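Overview (structure and organization)
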Amino acid sequence: MRYLVFSLLFLFCLVNTSTQFAEAKPTKRYDARTKMCRDLTSRALEWDTNLWGKGSKQFRNKCQSCHSKDNSSGAPFVHVETYTSDGWNAFFTKRKSVCANDGSWNSFSDDDLQILNDYLYRNGDWTYDPNDAETCG
Ligand code: HEC
């Protein structure tokens, strides 16, 4: 009987934390370049910006091709949690990094960069904080 109670309690905690995680993901992103609000819960973006969608694939192909672990090209290892959501927005809006200015991004279209920004924003560091990034701005 005690085991049953403990297992149920454990299950309850598990379900509880996982729903908290899901709910706390940012749902909207203000895109400074287009001055538009990106609804990350809309049907297309919800799919494209989740962990197995287009944004994640593009990140692996376009960014992590250089920024992989232990690469020899001098690029630091970069992953979704390298920056917070706001950090990623600043990264893509200001474009101050070396690679954004030395031609490494030349083959990326505005749409590519936007979906990368959406994906990284939605899954960036601290995105499980319920007080963070629920608003658009
Ligand atoms: C052709 C290779 C290449 C590609 C593609 C590339 N980077 Fe870089 N990136 C670099 C190198 C090299 C540096 C380090 C430059 C230095 O510090 O001298 C860098 C620097 C960075 C940094 C470190 C911080 C900063 O501001 O410099 C971040 C974060 C970063 N890149 C993210 C990205 C993201 C996100 C993408 C995809 C949109 C990307 N990079 C695409 C080569 C690349």
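Residues numbered from 1 in each chain as written. Predicted model: local features only at pLDDT ≥ 70, side-chain atom pairs only at ≥ 80, totals over all residues.

**Concerning the environment of Val98**
The following threshold applies: Secondary structure elements are defined from DSSP: runs of H or I of at least 4 residues count as helices, runs of E of at least 2 residues count as strands, and each element is numbered from the N terminus. Three classes are used. A residue is buried when 20 or more other C-beta atoms lie within 10 Å of its own, exposed when 12 or fewer do, and partly exposed in between, with C-beta atoms placed from the backbone.
For Val98, the position within the fold is in helix α5 (residues 98-101). Residue classification places Val98 among the exposed residues on the basis of 9 C-beta atoms within 10 Å. Measuring from C-alpha to C-alpha, the distance between Val98 and Ala75 comes to 9.8 Å, with 23 residues separating the pair along the chain.

**Concerning the nonpolar core**
To be explicit about the condition: The term nonpolar core refers to a set of buried Ala, Val, Leu, Ile, Met, Phe, Trp, Tyr and Cys residues connected through C-beta atoms within 7 Å. Each residue gets a C-beta atom placed from its backbone, and two residues are in contact if those atoms lie within 7 Å.
The biggest cluster of nonpolar side chains holds 9 residues, and these are Phe59, Trp88, Phe91, Phe92, Ile115, Leu116, Tyr119, Leu120 and Tyr121. Mapped by element, the contributors of at least two residues to this core are α4 (85-94) and α6 (110-123). Of the residues forming this core, the biggest block, 5 residues, is contributed by α6. Apart from residues lying up to four places away in sequence, Leu120 is in contact with Phe59, Val80 and Trp88.

**Quick notes on the pairing of strand β2 (residues 36-39)**
The cut-off we apply is this: The criterion for strand pairing is that DSSP finds at least two bridges linking the strands in question.
Bridge analysis of strand β1 (residues 28-31) against β2 gives 4 bridges, and the strand direction is antiparallel. Looking at the pairing, Lys28 lines up with Asp39 of β2. With antiparallel pairing between neighbouring strands as the criterion, β1 and β2 make up a hairpin whose turn holds 4 residues, including Lys35 at a positive phi of roughly 55°.

**Considerations on unusual backbone geometry**
Residue Lys35 is not a glycine yet carries a positive backbone phi of 55°. Here Lys35 lies in the loop between β1 and β2. A residue is classified by how many C-beta atoms lie within 10 Å of it, and Lys35, with 7 of them, is exposed. Unusually for a residue other than glycine, Trp126 sits at a positive phi of about 70°. As for its position among the elements, Trp126 is in the segment after α6. Take Trp126: there are 15 C-beta atoms within 10 Å of it, and that puts it in the partly exposed class.

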